[in-house]
Structures are given as C-alpha cells and as structure tokens.
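Notes for the structure review
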Amino acid sequence: FFAVQNFAKPRVTRLRGPGLAFKPSAMVPIPAELSSNRKLQLLLASPRGPIHVISHAEPLEITATRDERAFNEPFLRMALSPSGRYLATVNSTGTLTVMESDFSATISEFITRHSRPPLDVAWCGE
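Okay, so let's go over this structure. One numbering rule holds for all chains: residues counted from 1, following each sequence as written. The model is predicted, so local features are restricted to residues of pLDDT at least 70 and side-chain atom pairs to those at 80 or more, both for listing and for counting; the totals for chains, interfaces and linings are taken over all residues. Side-chain metrics rest on all non-hydrogen atoms present in the structure, leaving aside hydrogens and water.

Section: the packing of aromatic side chains
- Stacked, tilted and edge-to-face are the three classes applied to pairs of Phe, Tyr and Trp rings, where Trp contributes its six-membered ring and a pair requires centres within 6.5 Å; stacked means planes under 30 degrees apart, edge-to-face means over 60, and tilted covers the rest. Taken as a whole and assessed by the stated rule, the structure comprises three aromatic pairs.
- Arranged with centres 5.1 Å apart and planes meeting at 75°, the rings of Phe 71 and Phe 75 form a pair that is edge-to-face.
- Residue burial is assigned from relative accessible area. The probe radius is 1.4 Å, only protein chains are included, and a residue is buried under 20% of its type maximum, exposed over 50%, and partly exposed in between. Phe 71 sits in the buried class, given a relative accessible area of 8%.
- With a centroid separation of 6.3 Å and an interplanar angle of 25°, the aromatic rings of Tyr 86 and Trp 123 are classed as stacked. Taken together, the residues Tyr 86 in strand β8 (residues 86-91) and Trp 123 in the segment after β10 (106-111) connect sequence positions 37 residues apart.
- Among the residues examined, Tyr 86 registers a relative accessible area of 17% and is labelled buried.
- Judged by its relative accessible area of 25%, Trp 123 is partly exposed. Counting from the N terminus, the helices are DSSP H or I runs at least four residues long and the strands are E runs at least two residues long.

Next comes the structure, spelled out in structure tokens:
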C-alpha cells in the first residue's frame, strides 16, 4: 500500500502491509492528524472478520474491540467520523456498529434487518 499525505507537496510513501492474501471487503483511511499515533493509518476489513491496521509501524490485526465485542462477521462498509473519534461499520448480517476508532469500546449497535448492505455509510455531524 502507498500513500500521498500532502497534495501540495506530493511525496509517495509506502505503508507497511501485512502481505494480505485477500481483497479487503472495506477500507477507510485515518489521516495522521486524526489517528491515535499521529501517523497515517489505513483500516482494511478482512472477508473473515478482523480489521487490519496498516501504517508506517508494524501492521496489526484487530479481532475484537477492547470491550470484547468480537468481529465475527466481515465488515462490508466503514466510515470514519469527521473528528476521527468514531468508526461506523456495517457487517454482512446488516448490523450497524459505532465504535471508538481505536477499538477501545463499542458505542452502539443497531440491527437493520436488511438482507443487502447499504451502498455507502456516511456521517451527518458528530
């Protein structure tokens, strides 16, 4: 994975990837100014369930939030809140989950009862 962090002074940098053997089912970038480690991060959803955090540091595989809510179903859509504090996800069973973007806690869950995922997930305010 490669990134350009500043379009005014473009410079391509390589992110340390985990050597994924799958096509991500969803992805969302977290700009450096909004990430917990102040470095650009890319969240990649695996078709098996985990989220992979790709950055300049070692890649991480996140399988659950710290409040122990497991990622058992693959995420099909993800959106970062404008402040970068929250991550909204929709999984393959149609559950909309809002969690802290550092995976420390699940804020809310809503079962949509839809058989197909939405075309997109977006934030309207914080």
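That covers the picture; the talk isn't over yet.
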